[in-house]
Amino acid sequence: MVLIPLMLALAICGCLGTDVTISNVQPRLDDKNNILRVHDGNIVQWTTGGDYYWYGMSYGDCKEPDGSGCSHKGGDPNCGFLNTHNVSIFKSPDLSSGSWSYVGEALPIGKRPSAIYYRPKVRYNPKTQQYVLWVNAVPEGNFGGSFYVAATSPTVEGPFTVMNSNMTMAHAAPGDFDLFVDDDGTGYLIYTSVTEGHNISVEQLAPDMLSSAKKNSGFFGATFVEAPVMFKRQGVYYAMFGHCCCFCSEGSDIGVYTASSPLGPWTTQQDIGCQVSDAAVPWQQEPQACVSLTQAQQNCIVEVATTNGVEYLWTGDRWQSAPDKIKDHDFQYWSPLTWSASQDGIPLPQQLHHLDNFTLSLP
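Just so we're clear, the structure is a prediction, and the values are computed from it rather than from any experiment. (Residues numbered from 1 in each chain as written. Predicted model: local features only at pLDDT ≥ 70, side-chain atom pairs only at ≥ 80, totals over all residues. Heavy atoms only, no water.)

## Some words on the state of the cysteines
Phase 1: Applying the stated criterion across every chain, the model contains 2 disulfides.
Phase 2: Across the disulfide, C62 is cross-linked to C79 (sulfur-sulfur distance 2.4 Å). Disulfide C62 to C79: torsion about the S-S bond roughly 70°, handedness right-handed. Placement of C62 in the loop between β3 (52–58) and β4 (86–92) and of C79 in the loop between β3 and β4 is noted, with a sequence separation of 17 residues between them.
Phase 3: Through a disulfide, C245 is tied to C248; the S-S separation comes to 2.3 Å. Taking the sign of the S-S torsion, -80° for the link of C245 and C248, the bridge is left-handed. C248 carries the same exposure label as C245, and that label is buried.
Phase 4: No disulfide involves C244; its nearest neighbouring cysteine sulfur is the one of C245, lying 8.2 Å away. (Disulfide = S-S within 2.5 Å. Helix = DSSP H or I, 4+ residues; strand = E, 2+ residues; numbered from the N terminus. Buried < 20%, exposed > 50% of the residue type's maximum accessible area, 1.4 Å probe, protein only.)

Here you go:
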C-alpha cells in the first residue's frame with residue numbers, strides 16, 4: 001500500500017484551507033477585471049461553504065468635488081444624490097478581488113418609490129422563510145423626510161418586491177441603519193434619527209420584519225452619529241457607530257457599545273477607530289480631535305468562517321479615494337477584528353491599525 005504523506009493528504013482533503021489575501025491599497029475587482037461598483041451595504045454567506053453575497057449601492061460615474069463629501073452643498077450637485085442609484089447584488093466564492101460576479105438589481109428602479117437610496121441590508125427571516133431587504137430612502141432635497149423601504153424575495157438573488165414603504169418608527173426621519181436577526185428569529189433595526197440629533201436607538205421589528213413592533217431601546221451613546229452596525233458574538237450584543245461624515249474623505253471613528261439584550265441597556269465601551277490629534281477634523285469641535293485610523297466610514301461586519309473559527313471582518317467605505325474621482329470607484333478598507341476582555345470580562349474588539357493587506361484562511 002502506498003502511503004500519501006500527511007501534508008499532501010491534508011492539502012488534498014482541503015483541511016489546510018485556502019489562503020485569500022485582501023488588499024486595502026488596490027481597488028477590488030469583479031470577475032471581468034473592472035472596479036467593483038458596490039458600496040455601503042452588507043455581505044453575507046448564507047450557507048456554509050457557499051458564496052458570499054454583497055448587497056449594496058452603485059452610484060454611477062459622477063465625479064465628486066474635492067473637499068465636502070456632501071456634494072449637494074457644492075460642486076456636482078448630483079454626485080451621490082441621484083434617484084437612479086442601483087441597489088446591486090454581487091457574489092464571490094471567497095471574497096477575493098477578481099472573483100465578484102454581478103447577479104443583478106435587487107430593487108429595480110421602476111419597481112420602487114422614487115427617492116435617493118442608501119445603505120441596503122438583507123437578512124433571512126426564518127419565520128416567513130423570506131429574504132428581507134431594507135433600504136434608506138430620501139426624497140430629493142429633503143433628508144428630514146427620509147423613510148425606509150422594506151422588500152422581500154424567496155431567493156438570495158432577488159429581485160425583491162416592495163412590501164412596505166410607509167412604516168412608522170419610534171423616531172422621526174430614520175437614516176443610516178443596520179438590520180439584525182437574533183437567534184430566535186426576531187428582527188431588530190439599529191438606526192439614526194436625522195431630525196432628532198442624529199441619535200442612535202435599536203427597535204424591534206414585527207414578526208414578518210416589514211414594520212416596527214413599537215419597542216425601542218431609547219437613544220444611547222454618542223450624538224450626531226451614523227453608519228451603525230449590530231451583531232452578536234458569544235452571547236454579547238455589539239453596536240458600533242461613528243460621527244456623521246457624509247461621504248467624507250477623512251473617515252469616521254468607531255464607538256463600541258455592548259448589551260445583554262438587543263433593546264439594552266447599552267453600555268459605552270471604547271472607540272477602536274480613533275487616534276487623538278490636535279489637527280482639525282470637520283465633524284468635531286473639541287480641542288483634541290479623533291483622527292480616523294481607517295480613513296473610512298463603517299459599512300458592515302462580515303462573519304467569515306475560517307480554519308481558525310469565525311472571524312468578524314470590519315468593512316468601511318473610503319469616500320473620495322478614487323484616483324479618477326469617480327464615486328463608484330472609491331476604495332474600501334477591510335480589517336479583521338481582534339479581541340480582548342474588558343475589566344468586567346466582556347470580550348471587546350481592539351483598536352484597529354492600518355493594514356495594507358491581510359490574509360484569511362478559508363476552509
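## Some thoughts on empty space enclosed by the protein
Phase 1: A complete count under the given rule lists 1 cavity of 30 Å³ or more for this structure.
Phase 2: Volume-wise, the largest cavity comes out at about 70 Å³.
Phase 3: Along its surface, the largest cavity is lined by P27, R28, I35, L36, V38, H39, W54, H329, D330, F331 and Q332. (1 Å grid on protein atoms, 1.4 Å probe; cavity = no way out; pocket = protein on both sides within 12 Å on 5 of 7 lines; lining within 4 Å. Points joined across faces, edges and corners; volume = space filled by probe spheres on them.)

## Quick look at the environment of C62
Phase 1: Of the residues examined, C62 reaches a relative accessible area of 14% and is grouped as buried.
Phase 2: Each C-alpha atom, one on C62 and one on N78, is 7.6 Å from the other, the two residues being 16 residues apart in sequence.

## Topic: the sheet that holds strand β6 (residues 116–125)
Sheet strands pair by backbone hydrogen bonding; their relative direction is either parallel or antiparallel.
Phase 1: Taken in spatial order, the 4 strands of this open sheet run β6-β7-β8-β9, and their pairing is antiparallel. Both outer strands of the open sheet, β6 and β9 (161–164), are each paired with one neighbouring strand and no more. Neighbour-to-neighbour, the strand axes of this sheet turn through a mean angle of 30°, independent of strand direction. (Pairing = 2+ DSSP bridges. Axes fitted to C-alpha atoms, helices over the stretch in contact; angles between N-to-C directions.)

## Focus on the environment of P262
Phase 1: Along the chain, the position of P262 falls in the loop between β16 (255–259) and β17 (267–271).
Phase 2: Assessed through its relative accessible area of 7%, P262 is described here as buried.
Phase 3: It is 8.5 Å that separates the C-alpha atoms of P262 and E203, two residues lying 59 residues apart in sequence.
Phase 4: If we skip the residues at most four places from it in the chain, P262 touches D182, Y188, V202, M230 and Y237. (Contact = heavy atoms within 4.5 Å.)

## Concerning the pairing of strand β15 (residues 236–243)
Phase 1: Judged by how many residues are buried, β15 sits mostly within the fold: 8 of 8 residues are covered.
Phase 2: Two elements, strand β14 (residues 225–233) and β15, share 7 bridges in a ladder whose sense is antiparallel. Counterpart to V229 in the pairing with β15 is M240.
Phase 3: Hairpin connection, β14 to β15: the antiparallel pair is bridged by 2 residues, and Q234 has positive phi, about 50°.

## Brief notes about the packing of aromatic side chains
Phase 1: For the structure on display, the rule yields 32 aromatic pairs.
Phase 2: Between Y59 and Y118 the ring centres are 6.5 Å apart and the planes differ by 40°, which places this aromatic pair in the tilted class. Residue Y59 is located in the loop between β3 and β4, and its partner Y118 is located in strand β6; the two are separated by 59 residues in the primary sequence. Across the pair, exposure class does not vary: Y59 and Y118 are buried alike.
Phase 3: With 4.5 Å between their ring centres and 10° between their planes, F241 and Y257 make a pair best called stacked. In this pair, F241 is assigned in strand β15 and Y257 in strand β16, connecting sequence segments 16 residues apart. The two residues F241 and Y257 agree in class, both being buried.
Phase 4: Ring-pair connections join several aromatic residues into one group, and the members of that group are W46, Y53, Y55, Y124, Y131 and F160. (Phe/Tyr/Trp six-rings, centres within 6.5 Å; stacked < 30°, edge-to-face > 60°.)

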